[in-house]
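Single-letter residue listing:
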Amino acid sequence: MNQQTIATPALSLHGPVIDRAHPEYDEARKLYNAMIDKRPMMIARCADAADVIAAVNFGRDHKLPIAVRGGGHNGPGLGSVDDGLVIDLSAMKGVRVDPGARTVRVEPGCTSGDVDHATHPFGLAVPFGIVSTTGVAGLTLGGGSGYLSRKFGLTIDNLIEADVVLADGSFVTANQTKNPDLLWALKGGGGNFGIVTSFLFQAHPVGMVFGGPIAWDQAHARTILQTYRDFLPKAPEELCVVIGLKKVPSNSPFPEGAWGHRICLAVSCFNGPEAEGRKALAPFLGALPPPALDWTGMMPYPALQSMFDGLYPKGLQWWWKGDFVDALSDAAIDAHLAQAAETPSELSLMHLYPIDGAVHRVGKADTAWSARDARWSMVIAGIDPSPDKAESVTRWAKAYWTAVHPFNPGGGYTNFMMADEGEARVKAAYGENYARLAAIKAKYDPTNLFRVNQNIRPA
Ligand SMILES: Cc1cc2nc3c(=O)[nH]c(=O)nc-3n(C[C@H](O)[C@H](O)[C@H](O)COP(=O)(O)OP(=O)(O)OC[C@H]3O[C@@H](n4cnc5c(N)ncnc54)[C@H](O)[C@@H]3O)c2cc1C
């Protein structure tokens, strides 16, 4: 449908409906990744589940392509769609903690920072990702890995229940007894099955943590990555160390002498007292040269979760691609180092997120996410504030991924995919679970109404 030829049909909701004539349209359609510039026909900013039902019925009946937006952080901008209807959940921000049961009920417009804020006073946290502005909805439905995953599993491993608006406008609850097949599919299968209007998570005791960034000159990166590879499987699960190759940003609070230098960065999080955290890290740090920067210390968990928010504000140019990684051979490390030496901008990066420990204790067929034997989820991201550098950061990230991909088992995290990776990559992400996902898709969304996502076609 096209607004030039067809008048915008009327949709009435409790929340605002923002069409192309609305003064807030250009602001409302902006996504986190400024490389993606989509012009939806209208944005339905839902206030509640009733609005979501009305919006789904409206979009389906008017044959509009429908995109669902939680936090809007998705790399390829799957939270929006050209000439279609965006069902924008960003205003649905309710969070209710049950400290006795250690559970938290979360509406789909929440960022992980919103939830950390609500759970921290109770000494609780749910495992989410490592940047607090990321939407809980998209992150959870893709899987969700972060600092607490080695101890408490992926975000989906802590998802107890979800309320979902289906393609026919009906409203269902999915838990272990009601629609358990739907709950299984939501645990990694993305936004394919319906629109989640409420999540119920298991939370865990997490208050003050020991951790933060430690950086070395990239000249030492070979030794660091080799040591890290051998150290991590033996480290206590209370400790997570995300490792990365990047540059020092040229701004405060980084020491001016280090601006622009290539570094190997280890960001750790130990859920426990400082002395134990330092002891857990000692075998790693003790085998390495002294770092150029060590900002580790005790801090509230939400402080660590939001530590990198300022470096990656909304509106940068992003192109990223990921892979699951099960081993870091010396040859793979050399391939990483050769590519990292060509980084075209200060913010571009390679990260390895640990997905071992508790993540491995869930069976491959127990959730839609099947990568239960991979050790890391890797992302390579070309990032820069300037649209003029969009092409160079994209070229670099593609070349980097191409160079290291042969060392990986195949398949990657759907939340680290761009839009053009093709059906084979989506299938590879789910492995043997894909056929079951396609069958569940056929049951809950037979016409593929929800297809602006890493799409699973109905069987
Ligand atoms: C800076 C940054 C850091 C990140 N760090 C991590 C990390 O540490 N760990 C990690 O696991 N991931 C991480 N990610 C990836 C992140 O998980 C994905 O980008 C995710 O898609 C973001 O979710 P969102 O709700 O913000 O996205 P949106 O763009 O709003 O939505 C993404 C997708 O989810 C679907 N969707 C959203 N809400 C719903 C809903 N309520 N019901 C049904 N479908 C829905 C949409 O259809 C869309 O396809 C990071 C991303 C960024 C940009």
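Since this is a predicted model, take the numbers as computed values, not measurements.

### A closer look at the confidence of the model for the chain
A low pLDDT means the predicted coordinates there should not be read in detail.
Moving on, step 1. Residues with a pLDDT of 70 or more make up 98% of the chain, whose mean pLDDT is 96.
Moving on, step 2. Below pLDDT 50 for its whole length, residues 1-6 participates in nine contacts with residues either more than four positions away or in separate chains.

### Observations regarding the packing of aromatic side chains
One pair of aromatic rings is described through two measures. These are the centre distance and the angle between the planes.
Moving on, step 1. Counted by the stated rule, this structure contains 16 aromatic pairs.
Moving on, step 2. Plain terms: the ring middles of Tyr32 and Trp318 are 5.7 Å apart, the flat faces sit at 45° to each other, and that makes the pair tilted. Residue Tyr32 is located in the loop between helix H1 (25-28) and strand E2 (42-45), and its partner Trp318 is located in strand E17 (residues 317-325); the two are separated by 286 residues in the primary sequence.
Moving on, step 3. A residue is classified by how much of its surface remains accessible, and Trp318, at 9% relative accessible area, is buried.
Moving on, step 4. Counting every residue linked through ring pairs, the aromatic cluster contains Tyr32, Tyr312, Trp318, Trp320, Phe324, Tyr353, Trp369, Tyr413 and Phe416.
Moving on, step 5. Just above the ring of Trp401 sits the side chain of Lys321; from NZ or CZ to the centre is 3.8 Å.

### Quick look at empty space enclosed by the protein
Moving on, step 1. Considering all chains together, one arrives at three cavities of 30 Å³ or more under this definition.
Moving on, step 2. There is about 60 Å³ of room inside the second largest cavity.
Moving on, step 3. Every residue along the wall of the second largest cavity is listed here: Gly142, Gly188, Phe324, Trp369, Ser370, Ala371, Gly412, Tyr413, Thr414, Ala429 and Tyr430.
Moving on, step 4. Of the residues assigned to the lining of the second largest cavity, the class counts are six nonpolar, five polar and no charged.

### Overview of the environment of Val267
Moving on, step 1. Examined against the element boundaries, Val267 turns out to sit in strand E14 (residues 262-270).
Moving on, step 2. Judged by relative accessible area, which is 5%, Val267 ranks as buried.
Moving on, step 3. Apart from the residues within four sequence positions on either side, Val267 is in contact with Tyr147, Gly212, Pro213, Cys240, Val241, Val242, Leu304 and Phe308.

### Comments concerning the pattern of salt bridges
Moving on, step 1. Under the defined criterion, the tally for this structure stands at 26 salt bridges.
Moving on, step 2. Between Glu161 and Arg105 there is a salt bridge, and its shortest N-O distance comes to 2.8 Å. With Glu161 in strand E8 (residues 159-165) and Arg105 in strand E6 (residues 103-106), the pair connects residues that are 56 residues apart, well separated along the chain.
Moving on, step 3. With a relative accessible area of 30%, Arg105 lands in the partly exposed category.
Moving on, step 4. For Glu423, the salt bridge is made with Arg457, and the minimal N-O distance between the two is 3.8 Å.

### Some remarks on the site of the ligand
Moving on, step 1. Neighbouring residues of the ligand: 35 residues in total, closest Gly70, Gly72, Ile130, Ser145 and Tyr413.
Moving on, step 2. Taking Gly72, its main chain carries an N or O atom lying 2.7 Å from an oxygen atom of the ligand.
Moving on, step 3. Between the ligand and Tyr413 there is a distance of 2.6 Å, counted from an oxygen atom to a side-chain nitrogen or oxygen.
Moving on, step 4. Burial of the ligand by the surrounding chains reaches 97%, relative to a free accessible area of 950 Å².
Moving on, step 5. Going through the elements one at a time, strand E3 (66-69), helix H4 (136-142), strand E10 (195-202) and E17 are the ones with two or more residues in the shell around the ligand.

### Notes on the layout of surface pockets
Moving on, step 1. One number sums up the size of the largest pocket: a volume of about 430 Å³.
Moving on, step 2. Residue lining of the largest pocket: 28 residues in total, with Val248, Pro249, Phe254, Leu293 and Trp295 positioned closest to the centre.
Moving on, step 3. Per-element tally for the lining of the largest pocket: the top contributor is strand E12 (residues 208-217), with four residues.

### Notes on the side chain of Asn448
Moving on, step 1. Relative to the helices and strands, Asn448 is located in the segment after helix H13 (434-444).
Moving on, step 2. At 3.0 Å, the side chain of Asn448 forms a polar contact with the side chain of Lys441.

### Regarding the environment of Asn415
Moving on, step 1. Within the element layout of this structure, Asn415 appears in the loop between helix H11 (390-404) and helix H12 (423-430).
Moving on, step 2. Along the primary structure Asn415 and Leu449 are separated by 34 residues, whereas in three dimensions their C-alpha atoms are 20 Å apart.
Moving on, step 3. Non-local contacts of Asn415, meaning those with residues more than four positions away in its chain, are made with Gly138, Leu139, Gly142, Gly143 and Trp320.
Moving on, step 4. In this structure the side chain of Asn415 is engaged in a polar contact, spanning 3.1 Å, whose partner is the backbone oxygen of Gly138.
Moving on, step 5. Engagement of the side chain of Asn415 in a polar contact is seen with the backbone oxygen of Leu139, the distance being 3.3 Å.

### What to know about the pairing of strand E9 (residues 171-174)
Moving on, step 1. Summarising the sheet, E8 and E9 pair through four bridges and their orientation is antiparallel. The residue bridging Asp163 from the neighbouring strand is Thr173, located in E9.
Moving on, step 2. From the end of E8 to the start of E9, which pair antiparallel, there are five residues, and Gly169 there has a positive phi angle of about 85°.

What counts and what doesn't
Residues numbered from 1 in each chain as written. Predicted model: local features only at pLDDT ≥ 70, side-chain atom pairs only at ≥ 80, totals over all residues. Heavy atoms only, no water. pLDDT = per-residue confidence, 0-100. Contact = heavy atoms within 4.5 Å. Phe/Tyr/Trp six-rings, centres within 6.5 Å; stacked < 30°, edge-to-face > 60°. Helix = DSSP H or I, 4+ residues; strand = E, 2+ residues; numbered from the N terminus. Buried < 20%, exposed > 50% of the residue type's maximum accessible area, 1.4 Å probe, protein only. Lys NZ or Arg CZ within 6 Å of the ring centre and 35° of its normal. 1 Å grid on protein atoms, 1.4 Å probe; cavity = no way out; pocket = protein on both sides within 12 Å on 5 of 7 lines; lining within 4 Å. Points joined across faces, edges and corners; volume = space filled by probe spheres on them. Nonpolar A, V, L, I, M, F, W, Y, C, P; charged D, E, K, R; others polar. Salt bridge = Lys/Arg side-chain N within 4 Å of Asp/Glu carboxyl O. Near = heavy atom within 4 Å. Polar contact = N/O pair within 3.5 Å; in protein donor to acceptor, adjacent residues only side chain to side chain. Areas by Shrake-Rupley, 256 points an atom, 1.4 Å probe, with all protein chains shown as cover. Pairing = 2+ DSSP bridges.

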